[in-house]
Amino acid sequence: MPQLLNNNDNNININKIRYLIKKYRPPFWVYDGDMICKKIKLLKKFDVIRFAQKSCSNIHILRLMKSKNVKVDAVSLGEIERALISGFKSNTNEIIFTADMLDEETLHKVANYKIPVNAGSLDMLTQLGQVSPGHHVWLRINPGFGYGHSKKTNTGGDNSKHGIWEPKLALPIIKKYKLKLIGLHMHIGSGVNYMHLTKVCKSMIQNVIELNQKISSISAGGGLSIPYKFNEKPIDIEKYFISWDYARKKISTFLKKNIQLEIEPGRFLVAESGILIARVWATKKTNNNNFVLVDVGFNDLMRPTMYGSYHHISVISGDNRKIDLKNMIDTIVAGPLCESGDIFTQKIGGTIQTRKLPEIKTGDYLIFHDTGAYGASMSSNYNTRPLIQEILLKNNHSIVIRRRQTIQEILKLEQ
Ligand SMILES: *Cc1c(COP(=O)(O)O)cnc(C)c1O
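Being a predicted model, the structure only gives us computed values, none of them experimental.

### Some words on the packing of helix α4 (residues 77-85) against helix α5 (residues 104-112)
Contact pair α4 / α5: the axes reach a minimum separation of 10 Å and the direction vectors enclose 30°. Residues L77, I80, E81 and L84 of α4 pack against E105, T106, K109 and V110 of α5. Tallied by class, the residues present in the contact of α4 with α5 amount to four nonpolar, one polar and three charged.

### Topic: the environment of G129
Looking at where G129 falls in the secondary structure, it is placed in helix α6 (residues 122-131). A relative accessible area of 0% means that G129 is categorised as buried. Residues G129 and K178, spaced 49 residues apart in sequence, show a C-alpha to C-alpha distance of 7.7 Å.

### Thoughts on the side chain of R50
Here R50 shows up in strand β2 (residues 48-52). A polar contact is formed between the side chain of R50 and the side chain of E262, at a distance of 2.8 Å. With residues up to four places along the chain from it excluded, the contact list for R50 reads K71, V72, D73, N93, E94, I95, I96, E262, I263, E264 and P265.

### So, the UniProt feature "active site" (unreviewed entry) in the protein chain
When the UniProt feature table is mapped onto this chain numbering, "active site" (unreviewed entry) sits at C338. Secondary-structure assignment places C338 in the loop between β13 (329-334) and β14 (355-357).

### Some details on the environment of P27
Examined against the element boundaries, P27 turns out to sit in the loop between α1 (14-24) and β1 (28-32). P27 gets classed as buried once you look at its relative accessible area, which sits at 10%. Sequence separation between P27 and T253 is 226 residues; the distance between their C-alpha atoms is 54 Å. Those residues in contact with P27, other than ones at most four positions away along the chain, are I277, A278, D295, V296, I388, Q389 and R404.

Definitions and limits used
- Residues numbered from 1 in each chain as written.
- Predicted model: local features only at pLDDT ≥ 70, side-chain atom pairs only at ≥ 80, totals over all residues.
- Heavy atoms only, no water.
- Axes fitted to C-alpha atoms, helices over the stretch in contact; angles between N-to-C directions.
- Helix = DSSP H or I, 4+ residues; strand = E, 2+ residues; numbered from the N terminus.
- Contact = heavy atoms within 4.5 Å.
- Nonpolar A, V, L, I, M, F, W, Y, C, P; charged D, E, K, R; others polar.
- Buried < 20%, exposed > 50% of the residue type's maximum accessible area, 1.4 Å probe, protein only.
- Polar contact = N/O pair within 3.5 Å; in protein donor to acceptor, adjacent residues only side chain to side chain.
- UniProt positions renumbered as here; feature names shortened; annotations may be inferred.

Structure, rendered in structure tokens:
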């Protein structure tokens, strides 16, 4: 939920933002560590909370997670290295590598460091078995249906590249290489629909019964949504837990052993902790439209362009004038990229949308809310734009957890 900036009880409020703007010079990302801790607590009923680090993979965020006994999911070699450098231990269940394929470098890393692998294809299971017999594995199952906040985040069904379609075929491979099957995993997509949830839990039970292996864990995957708009409801964690706990109990009874229930959220833990602060450098009018141009683009915040995602936008004046919230103007907010899709106010499919915003002047600052997940971690160097700073608020002070990249650093790769 977008945090109201005029509420001084919130760590991220107007005064704090003005202070940060002076200290760090926009554009930059800000994360509120307390908010992350608050979200972790909401999931305490699950035996294991495994942070899907792709949503926000800064090592300082990972260390924060570790200090709260949250474990981590890695989906690439780079994310494994991030987890290790943040203090997560190899040869334990602290890091799990989830993927649908293994390249050679990654294969050797997980083998040498004995990092459990959550396999989304039979091929990777075979390749792993050949190099690392006895390796601990999970099976990521495609239950045959999916759900997601957009087509691009739907991760189950016939059209999904994720997960194993016929998990039974994994059993001979597991046997051949004496792999140790730890658990079954389903990550169906982002966004929660309770009808759908029941279906997923049922499918998990069914898969366990059909495979009939002495697993010790099941994972509910991620996909817990957050309200990006004021009129959206937060998800009912209790309901979510009850559904999965029911599945866990059924499975436990069937296998006659204790089963650990894991959850693997990304967005839920970090989205609401983060904001993106940008400065307005130009405004312009066309026949029918008001444009406001800021110094971040879709290379920084990709979600509106990629998914048509909504991020609430607040305005802070650059000249200390009071922002007039009674006179709202239809506005299009755009970035600096040489590309017409570089618009933060758009719908799925790329239709430009106007947003009711107060009058904005050059020199004002725009705050993009709820950008802690899939914000900085999805940024790119498109248009040769350096990655911007990340700032973490912790125990009432602020630290730079990623400095601004320099243009020289980008060019160096090619020299
Ligand atoms: C992306 C991903 C998640 C996290 O998804 P959220 O919607 O951010 O909760 C969890 N598990 C896997 C395997 C993923 O790929």
